[in-house]
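Listed below are the residues making up each chain.
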Amino acid sequence: MVRARRKASRAGNVLTGLLLALALVTVPDTPARAEPPAKITNPDFETGDLSGWTTTGNAFSVTADSGWGWGCCFGQHGTSHVWGFKAGGDGATGTLTSSVFRLAGSGQVDFLVGGGNNADNLYVALVKASDGTVLHRATGTDSETYRRVRWDASAHLGQDLQIKVVDQAGGGWGHINVDDIRLDGVQGNGLTAHWAFDQGAGTLAKDTVTGRDDPINYVFTNARYKPSSDPLWYRQEPDGKALSKALLFDGYSTWVTRSGFAAPTDAITVEAWVAPRAFEWGDEGKLSAIVNQQDQGAGRGFILGVGRHGKWSFQAAVGGQWQSVWSAPDASLPTNRWSHVAATFNATDHTMRLYLDGRQVGSHTAPPGTITPDGGDLLIGRNNRAVMINGTFPANTFAGLIDEVKIHDRALSPGAVTTAYDAVRTSYPGATVPKPDMAMNRNRYAGDRYRPQYHFMPPEHWMNEPHAPLYYDGQYHLFYQQNQHGPYWHNIGWGHQVSPDMVTWRDLPPALVPTANSVAPDGVWSGDATTDADGNPLLYITAGDDSVRPNQRTGLARCATLPCQRDLVDWKMDPAPVTVQSQNLDVGPGRKVRFGEFRDPFVWREGDTWFQLVASGVQTTGGADVGGTALLYTSTDQTNWTYAGPLMVGDIAAHPKTGQVWELPVFLPIGGGKHVLMINPMWSGGSPHNVKYVWYWIGEWNAATRKFVPDSTVPRLFDYGEHFTGPSGFVDEQGRSIVFSIAQDKRTEQGHHDSGWAHNAGLPLQVSLRPDGDLGVKPLPELTRLHASAQPLVTLTDVTDLNAANQQIANVRGDMLHIQLEMSAASANRYGIKVRRSAGGEEETLFSYDRNADTFAVDRTRSGTVSSLSSDLGVQSGPVTLDGDVLKVDLYLDKSMIEAYVGGHKSITTRVYPARDDSLGLALWADGGATIRSLKVWPMKSAYTG
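It should be emphasised that the depicted structure is a prediction, and the values quoted were computed from it without experimental measurement.

## A few points about the confidence of the model for the protein
Mean pLDDT for the protein: 93, with 96% of residues reaching 70 or above. In this model, residues 1-31 is a region of pLDDT below 50 whose contacts with residues beyond four sequence positions or in other chains number 5 contacts.

## Digging into the sheet that holds strand S2 (residues 62-63)
Note: strands within a sheet are paired through backbone hydrogen bonds, in either parallel or antiparallel orientation. As summarised here, the arrangement of the 5 strands in space is S2-S3-S11-S6-S9, forming an open sheet in which the pairing is antiparallel. Every interior strand has two partners, whereas the edge strands, S2 and strand S9 (143-152), have only one.

## Observations concerning the sheet that holds strand S19 (residues 288-295)
A sheet is described by the order of its strands in space; here 8 strands give the open sequence S13-S14-S17-S26-S19-S20-S21-S22, paired in antiparallel fashion. Each end of this open sheet is capped by a strand with a single partner; those strands are strand S13 (204-206) and strand S22 (321-326). Across this sheet, the average inter-strand angle for adjacent strands is 20°, counted without regard to direction. Direction of pairing for S19 relative to strand S20 (residues 300-306): antiparallel, over a ladder of 7 bridges. In the strand pairing of S20, Ala 289 is matched with Gly 305.

## What about the nonpolar core?
If you look at the biggest cluster of nonpolar residues, it comprises 126 residues, and the most contacted ones within it are Leu 677, Phe 718, Phe 847, Phe 856, Leu 891 and Leu 924. Here this core gets 6 residues from one element, more than from any other, and that element is strand S55 (residues 816-825). Discounting residues that sit within four places of it in the chain, Leu 891 has contacts with Leu 817, His 818, Ile 819, Ile 833, Val 835, Phe 847, Ile 898, Glu 899 and Ala 900. Core analysis: the next-biggest nonpolar cluster, separate from the first, contains 44 residues, Phe 197, Trp 233, Ala 331 and Ala 366 among them.

## Side note on the pairing of strand S46 (residues 707-710)
For a regular strand, side chains alternate in direction, first toward one face of the sheet and then toward the other. Pairing geometry for strand S45 (residues 695-702) and S46, over 4 bridges, is antiparallel. Directly across from Trp 701, in S46, lies its bridge partner Phe 708. In textbook terms, the turn of a hairpin is the stretch between consecutive antiparallel strands, and for S45 and S46 this stretch comprises 4 residues, one of which, Arg 706, has a positive phi near 60°.

## Side note on the state of the cysteines
Under the defined criterion, the tally for this structure stands at 2 disulfides. Paired through a disulfide, Cys 72 and Cys 73 show a sulfur-sulfur distance of 1.7 Å. Residues Cys 72 and Cys 73 share a disulfide whose torsion about the S-S bond is about 80°; that sign makes it right-handed. Note that Cys 559 is cross-linked by a disulfide to Cys 564, the S-S spacing being 2.0 Å. Residues Cys 559 and Cys 564 are joined by a disulfide whose S-S torsion is about 110°; by sign, that bridge is right-handed. Overall, the relative accessible area of 8% leaves Cys 559 in the buried class.

## Regarding the packing of aromatic side chains
Using the criterion set out here, one finds 42 aromatic pairs in the structure. Ring centres 4.7 Å apart and planes at 65° place the aromatic pair Phe 111 and Trp 151 in the edge-to-face group. Note that Phe 111 is positioned in strand S6 (residues 108-115) and Trp 151 in strand S9, a separation of 40 residues in sequence. Each member of the pair, Phe 111 together with Trp 151, is buried. Taken together, the ring pairs connect Trp 68, Trp 70, Phe 74, Trp 83, Phe 85 and Tyr 146 into an aromatic cluster. Positioned above the aromatic ring of Tyr 123, the side-chain terminus of Arg 137 is 4.1 Å from the ring centre. The side chain of Lys 226 reaches across the aromatic face of Phe 220, ending 4.5 Å from its centre.

## Here we look at the environment of Tyr 849
In this structure, Tyr 849 sits in strand S57 (residues 845-850). Sequence separation between Tyr 849 and Thr 621 is 228 residues; the distance between their C-alpha atoms is 47 Å. Ignoring any residue separated from it by four or fewer positions in sequence, one finds Tyr 849 in contact with Asn 829, Arg 830, Tyr 831, Asp 854, Thr 855, Phe 856, Val 880, Leu 882 and Leu 887. Polar contacts involving the side chain of Tyr 849 include one to the main-chain carbonyl oxygen of Val 880, which spans 3.4 Å.

## A closer look at helix H4 (residues 414-425)
Helix length check: H4, at 12 residues, gives a terminal C-alpha distance of 16 Å against a target of 16 Å (1.5 Å per residue), a fit within 8%. Along H4, the positions that sit buried rather than exposed are Val 417, Tyr 421 and Val 424. Within H4, the buried residues cover an arc of 65° as seen down the axis, which keeps them to one side.

## Some thoughts on the pattern of salt bridges
Tallied over the entire structure, the rule returns 47 salt bridges. Put simply, Asp 214 and Arg 258 hold a salt bridge, and the shortest N to O gap is 3.0 Å. In this pair, Asp 214 is assigned in strand S14 (residues 213-217) and Arg 258 in strand S17 (residues 255-258), connecting sequence segments 44 residues apart. Here Asp 214 and Arg 258 have matching classes, each one buried. For Glu 844, the salt bridge identified is with Lys 834, shortest N-O distance 3.2 Å. Here Lys 834 lies in strand S56 (residues 830-837) and Glu 844 lies in the loop between S56 and S57, a separation of 10 residues in the sequence. Neither Glu 844 nor Lys 834 differs from the other in exposure class; each is buried. Linked by salt bridges that have partners in common, Asp 110, Arg 148, Arg 150, Asp 180, Arg 182, Asp 409 and Arg 410 make up one network.

## Observations concerning unusual backbone geometry
Following Cys 72, the chain continues into Cys 73 via a peptide bond in cis, with omega recorded as 10°. Along the chain, Arg 549 connects to Pro 550 via a cis peptide bond; the corresponding omega equals 0°. At Asn 42, a residue that is not glycine, the phi angle is positive and equals roughly 55°. Within the secondary structure, Asn 42 is located in the loop between helix H2 (14-26) and strand S1 (54-57). Even without a glycine there, the phi angle at Leu 664 is positive, about 50°. Here Leu 664 lies in strand S43 (residues 661-671).

## Description of the environment of Gln 76
Relative to the assigned elements, Gln 76 resides in the loop between S2 and strand S3 (81-83). Relative accessible area serves as the criterion here: at 5%, Gln 76 is assigned to the buried category. The spatial distance from the C-alpha of Gln 76 to the C-alpha of Asn 117 is 18 Å, given a sequence separation of 41 residues. If we skip the residues at most four places from it in the chain, Gln 76 touches Ala 64, Asp 65, Ser 66, His 81, Leu 112, Tyr 146, Asp 179 and Thr 210. There is a polar contact of 3.2 Å between the side chain of Gln 76 and the backbone oxygen of Asp 65. Among the polar contacts listed, one links the side chain of Gln 76 to the backbone oxygen of Thr 79, at a separation of 3.1 Å.

Definitions and limits used
Residues numbered from 1 in each chain as written. Predicted model: local features only at pLDDT ≥ 70, side-chain atom pairs only at ≥ 80, totals over all residues. Heavy atoms only, no water. pLDDT = per-residue confidence, 0-100. Contact = heavy atoms within 4.5 Å. Pairing = 2+ DSSP bridges. Helix = DSSP H or I, 4+ residues; strand = E, 2+ residues; numbered from the N terminus. Axes fitted to C-alpha atoms, helices over the stretch in contact; angles between N-to-C directions. Core = buried A, V, L, I, M, F, W, Y, C linked by side-chain atoms within 4.5 Å. Buried < 20%, exposed > 50% of the residue type's maximum accessible area, 1.4 Å probe, protein only. Disulfide = S-S within 2.5 Å. Phe/Tyr/Trp six-rings, centres within 6.5 Å; stacked < 30°, edge-to-face > 60°. Lys NZ or Arg CZ within 6 Å of the ring centre and 35° of its normal. Polar contact = N/O pair within 3.5 Å; in protein donor to acceptor, adjacent residues only side chain to side chain. Expected span 1.5 Å × (residues − 1). Arc of directions from axis to C-beta. Salt bridge = Lys/Arg side-chain N within 4 Å of Asp/Glu carboxyl O.

Structure representation (structure tokens):
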């Protein structure tokens, strides 16, 4: 500069001097120092090393480890992170200092930290670049798992700063971990996790933010009773849209697990697209989780989930207290339709907010503080603290579709939430998200070795008794008790199927489910169907409402609109019950009705009068059991009912197997001026006779006097097996009295869990009066439509040599067969047929007739007991009188289900669970000489073609 002034002076030119002086100001000899950038070099260590950072000592190194050897998981962002223990253990010391940056934007700084808790000697700090002054610091929590820390450093905007990691600690927990440093979102957009569920196959769900693949739990990933299969991936056109691919959560076995997730604590947004299939009971008041990482009892973490009847909530441990925000009454989630849900929390204003389809539907002011983090797994689709049903099934589990799950480390503004919703909605034609096809799919059970195929059963999960048969507009409708969440009893509604012939069936959506502010908020239990005076279908239900006593009343459901649709898929329940049990019903002198036992209406019409039976029980006024009963009511308008007394009362003292309470009364004409009353016995406590029998009485019914007089008060057993229960019935359009039943499988709860289904119906039966005054029973002739071939696999006639007969059927094998057998004895006392027989007879099920005892029996001592409740299935039998000595058996074999009908009179319904794959053979059997008068065997096909 001195030299430049001398040159200007010698020139003596003022203008030149001025220009030179200006040049001295604008172009100095040494370049000006560049401003520090507004970002850190290598902020998330994804280079795989410490590039851009300055180190002292030996405490720090970069690793891609996701766990620490003796545990898991860190929950790092991306692949690489700094684990302070990796290089030198707890004894190593040192510092790690970032590049200089100039703080800009909002002044927010956040990062992941883990490791030891020592704020003096072990910490991450925000420091001045000029002199190292510490402005903020944070330490670990004696946990390797990361948590996110956020600082408001806005007071230092425009200053040159650094991140400094210090380890001057030794001994246990003498190390610190760090990852993913963010400056006002420059290093990230606030999205900490995003599961798009676009895989479409496999058992992993990718988090697109970190690149991690998280495991999907699913019962059939390693299936026990069928070939293994992937979780239920969902696809829908048009392809390429945000919701074109999703994951279907089956309600009990499907969830995604993220280990080591470091949830935001100062501010958070959790959002997802959901399409619930059904809503749970809400056991213990807990939510069916969409996303959660929490232990509410310990006051840690957060959950976004669904409660009863579609009401939903975001809950979190804030400031040491568990806080909840619930959706508004008009913002409950719908079923079978996509909804965008979002929940936010911001510690700055202590506010929790809910958004449904872009609009705010709930808010709550929490106490000051941040969310107390929970170090457990983050789960999608299952509550971290699920209530276990029967010790086996997790309740509080989501059923339906989940897609586009996102977690942000900030509270999105209302506008940002709306924008996120609109971005998906407007991508579809007409800016309308299409309705997803969420019908339950029977194909998920393909190859199941025990699941019946031509018997009526639900598409998925659990059923109990079929009921309310109805013929309408050329179709047969049958409803059934259904749990849409899993293969166990819980939260019951009405499933629904339709048929042209009562043997081939088509699934329809559930007809009725527990509904808020209805007559049945707590359960829609068994009932009946009929039509009104104009021919419109009506459903009589057992309405469950735990807010009243008794909690069982009968209610009425009608078509939602008139005229009724042919498939009858839309129903609405009347707001008030039609029949309420009175505590002082007259059930006879010195007796009282069992108050609170009041269910299973059975309804029919004669002339201008409708009759309704409701199952209950009778006690003495002192409380001793008398027996079950069917209470009779009458009506002229189907809405207002008058009590007419018990149709009949049981005698549990004389007949202890008939139960304290009756369920599911069925009352049908059977010809010859006679009716049959059928009941299912039940006990208020446990009983060895429970869920085994159906009893019946035949007698005369007088509609005018409302009296039923049985031919005998002695009950008769309908079926000699232990699996025919839960009767229902009606008179079809041909005038036939038809009976349906449930054939409970009596498997362990673990067996139900592992198979994914529970129970099926028995075959439809026609009942009539026999010449001997007893009840005739035979399967519907329409069942021949389920023959897989017009010609039998084998036909035998008048064969006297059993060895020769067995040689002729040696190649007839199968677990879906219809067998018609006529067999007579020569010297034999016992004779019959073996089914589900292995090659060496290690496993087999024998049906036989005993001439000396006049009994028909099934011997299951070698049938196989895989997943059965009992390890010894034993022998079941009952009296049968043959026409001469000719045994005529109509036998239906359907996987684990076997039904045998003898001479159109008696039956045995049973279950078998062979362990061997070769238990598919047949063998004719006798303990002496016998003749095969006729044998025909047909293969059977499924009752479901869809």
